[in-house]
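Here is what each chain is made of, one letter per residue.
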2 protein chains.
Amino acid sequence: MYDGGKMLNNKEWELINIAAGKDNLHIGDDCAVWDEKNLVVTTDHMCENIHFDFSFMTPESVGWRLMAANASDIISMGSKPTHFLLNIAVPSSEMEIAKKIISGIKSFAGKYNIKIMGGDTTGSQFFMVGATMFGEKPEKPLLRSGAKPGDFVYISSPTGLSKCGLLHLQYSTNGFELSKKKFLYPDPFETVPSSFECMSSAIDISDSLISELILLAKSSKVHIKIDLDKIPIEKEVEQTAKLFKMNVEELVLGSGEEFSLIFTSDREIKQGYKIGRVYETKEPEVEVFNKNGVFDLSRIAVFTHFG
Amino acid sequence: MYDGGKMLNNKEWELINIAAGKDNLHIGDDCAVWDEKNLVVTTDHMCENIHFDFSFMTPESVGWRLMAANASDIISMGSKPTHFLLNIAVPSSEMEIAKKIISGIKSFAGKYNIKIMGGDTTGSQFFMVGATMFGEKPEKPLLRSGAKPGDFVYISSPTGLSKCGLLHLQYSTNGFELSKKKFLYPDPFETVPSSFECMSSAIDISDSLISELILLAKSSKVHIKIDLDKIPIEKEVEQTAKLFKMNVEELVLGSGEEFSLIFTSDREIKQGYKIGRVYETKEPEVEVFNKNGVFDLSRIAVFTHFG
C-alpha cells in the first residue's frame, strides 16, 4: 500500500550516515554541495507500491513526479537543475508503461530544459524509477542550518493540496481538480521565489510542513514558532477536510510531496507567506499555535517526532 | 531467479535513448562525459532476485559488487573513481541486512578512497541498491567508438571465472575459491592497465566478452577478429567446464560481470593479453576463430545478437 514512501521514516539518513562514517561533510541537506566542481547534486528514487501506485496514478505522472522531487531539492539550495541521470527498473513485460513513465520525465525535462546525460535500465519485479540531478552551486547555497534567531519563517505557497489530491484519487472523488493536479503533477518551479538573496536557510517540503520545520529547527539548532492562523488555507483543502472529517491542520501541516519551500530571512520580504519566527534555544523545537493557544502536534497523523 | 540482470538485454539503452531524444550527445558509453565539469559519470543499479540473490550471496558481497560495477565503468574510460552517491531501497524489517550491504560498500570505498557525497534511502518490497559514481575526465576519455582498422585487441585479464563462481555458489560446490571470490568480490582495480596512453578504445566486460566485443565493433564500425587460442584459460574454468559438461568457450566468451577490460591499441603493448585484431568493414561484425577454423557463436548461450 502507498504510504508516501515513509516506511523508513527517521531512518532515512541512518544508512547513508553509516556509509559515510566520519567522511560526511557533504551530507544531510537537500543536496550535496560539491565545492571543487561548483555543483549541487541530489538523488531521489521511487518504488512501485511504496512511492507510487498505478491503480490511481498514470505512468506519465510517476515520471513527472520523479523529476519534480529531484528538481525541488536543487531549487531549495537556491540553484536551478541543469542535468540529470535516469535509473529505471522495469518488469520484463511492462515496456509500454515504462515508455509512458519516460514520457512524463521528458515533459518535465523539456519544459525546464534539464538535459539527460545517461542512466541505466534493468529488469526487476516491480517498477523503480530514480534520478540524480545537478545544478550549478549558487554563490551562497541555502542550507538547513542557516536559520538564525530573529529570522522570519516563510512558505512559498499554501500547503495541503497534495494530500487532498492523494485522497481524492484513492477514493475516486469527482472534482477537486486542483488537488489532483497538485498530487499528480506538482511543479516546484511554480512557487520558486524570484530571488534567494535575503534568505538565510531553505528546505523543500517532501515529507510534510511540520516534519521539515523540525528538520530545519534541528539543523539550525533553533526554536521555531509557527502561527497557524497565518497559513493561508486553500478552498479545496477546507472542502476535503469536511468531506473526510479531518482537521484542516492535519492536511496543512501533514501533507507530503508538496515540493514547495520553507525559507527564513532576517528581514520581512515580499515572497511567499510569513508564518512564523525563529528563536534562540538550547533544545531545538517547533511550536505551533493559533488564536486558541498552543496547537497539540500529536493531533497530526504524519508527525515525525524528534529522534 | 537470478539471470545476471539481462532481462531487458538489448533494450538497455532503448528507454534512455527515448528519454534523451535528439539531445543524446553524452549517451552510449560506459560513462557520460561531462566536458564543462571535467567529469566522467556513471550510474548502475541492482535489484534483488534479478541482479543478486541472498540465497547464495552475502549482503556484504552485494554492496561490494555494486561499487565494483560502477568503478569498472569509470576505469574503462581511462579515469579513476573519486566520489559517489548511494541509493538503497530496503524492505522495512530488513535493516540488519541493509547495514551489511553498506558494510560491503564501505569496504570497497575505503580501500580505493572513493568518497560518498550523499544518497537516498527508501522503503520497498525488495532490496534495490544503486550508485552514481564520478571520476575526473581524462585528457582523452577512452570511448567505445575509438577502435581503428589495424588496431590490436586486448583483454586485461582472462575471462570466465565470474560465471564459474556463480555456478559453484548456486550449486554449492566445494572448493573453487578463486571463482567464488571473482563472482562475489570482483575487483576492477586488480586488472587495471598501468597506462592508458596508447589505447584507442576500451569497454568493460559487464555482460560478456562476446557481447562487449559486439558493442565495440558496432560503436567503432569495424570488423573484429578474435583468436580463441590466444585467450588464456584459468585452471578453474577448465575444471568447471568439465564438471558442468559445458564448453570452455561458453565460459570464456559468455561470462558476465567480469569487470575487467577489453581495449584496443595501434601498437603491440605489454599490457593484458592480445587476443585479436581490428579490420575495416561496411558491416560491423565479430568473428571468432581457433585452430579448427571459424568458431560458431551460436554455441554460446549468452550471445547478444546484432540488433
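Attention here is on the structure that accompanies the text. Just so it is clear, the structure is predicted and the values come from calculations on it, not from any experiment. (Residues numbered from 1 in each chain as written. Chains lettered and ligands numbered in written order. Predicted model: local features only at pLDDT ≥ 70, side-chain atom pairs only at ≥ 80, totals over all residues. Heavy atoms only, no water.)

Here the focus is the overall build of chain A. Along its length, chain A carries eight helices and twelve strands. Compactness check: chain A gives a C-alpha radius of gyration of 19 Å against a globular reference of 19 Å for 307 residues, within 12% of the reference. C-alpha atoms of chain A, sized along the principal axes, occupy 55 × 50 × 35 Å. Buried positions account for 62% of the 307 residues belonging to chain A. In the structure as shown, chain A presents an accessible area of about 12300 Å², 49% of it carried by carbon and sulfur atoms. (Helix = DSSP H or I, 4+ residues; strand = E, 2+ residues; numbered from the N terminus. Rg over C-alpha atoms; globule rule 2.2 N^0.38 Å. Buried < 20%, exposed > 50% of the residue type's maximum accessible area, 1.4 Å probe, protein only. Areas by Shrake-Rupley, 256 points an atom, 1.4 Å probe, with all protein chains shown as cover.)

Membership of the largest hydrophobic core comes to 54 residues, with the highest contact counts inside it found for Phe 84, Leu 86, Ile 88, Phe 108 and Val 129 of chain A. Residue contributions to this core peak at nine residues, all from helix H2 (residues 59–76) of chain A. In contact with Leu 86 of chain A, not counting residues within four places along its chain, are Leu 66, Ile 102, Ile 105, Ile 116, Gly 118, Gly 119, Asp 120 and Gly 130 of chain A together with Ile 16 and Ala 19 of chain B. Among the nonpolar cores identified, the runner-up in size contains 53 residues, and Leu 15 of chain A together with Val 62, Trp 64 and Ala 109 of chain B belong to it. (Core = buried A, V, L, I, M, F, W, Y, C linked by side-chain atoms within 4.5 Å. Contact = heavy atoms within 4.5 Å.)

On to the sheet that holds strand S2 (residues 39–47) of chain B. Residue and element names in this part refer to chain B. One open sheet holds the five strands; their spatial order is S1-S2-S5-S3-S4, and the pairing between them is mixed. Here the strands that pair on one side only, and so sit at the sheet edges, are strand S1 (32–34) and strand S4 (115–123). Averaged over neighbouring strand pairs, the angle between their axes works out to 15° when direction is ignored. Two elements, strand S3 (residues 81–90) and S4, share eight bridges in a ladder whose sense is parallel. In the strand pairing of S4, Asn 87 is matched with Asp 120. With respect to the sheet, helix H2 (residues 59–76) is in contact with S2, S3 and strand S5 (128–136), its orientation differing from that of S2 by roughly 150°. (Pairing = 2+ DSSP bridges. Axes fitted to C-alpha atoms, helices over the stretch in contact; angles between N-to-C directions.)

If you look at the interface, chain A gives 59 residues, while chain B gives 59 residues. Summing both sides of the interface, chain A and chain B together bury roughly 5500 Å²; the carbon and sulfur share of this comes to 69%. Applying the counting rule to chain A against chain B returns two salt bridges. Here Lys 37 of chain A ties to Glu 136 of chain B by a salt bridge, and the two come within 2.8 Å at their closest N and O atoms. Here chain A is connected to chain B by 14 residue pairs in polar contact (both at pLDDT 80 or more). For the side of chain A that touches chain B, the secondary-structure elements that each account for two or more residues are helix H1 (14–20), strand S1 (32–34), strand S2 (39–47), strand S3 (81–90), helix H3 (95–111), strand S4 (115–123) and strand S5 (128–136) of chain A. (Buried area = accessible area lost by both parts, 1.4 Å probe. Salt bridge = Lys/Arg side-chain N within 4 Å of Asp/Glu carboxyl O. Polar contact = N/O pair within 3.5 Å; in protein donor to acceptor, adjacent residues only side chain to side chain.)

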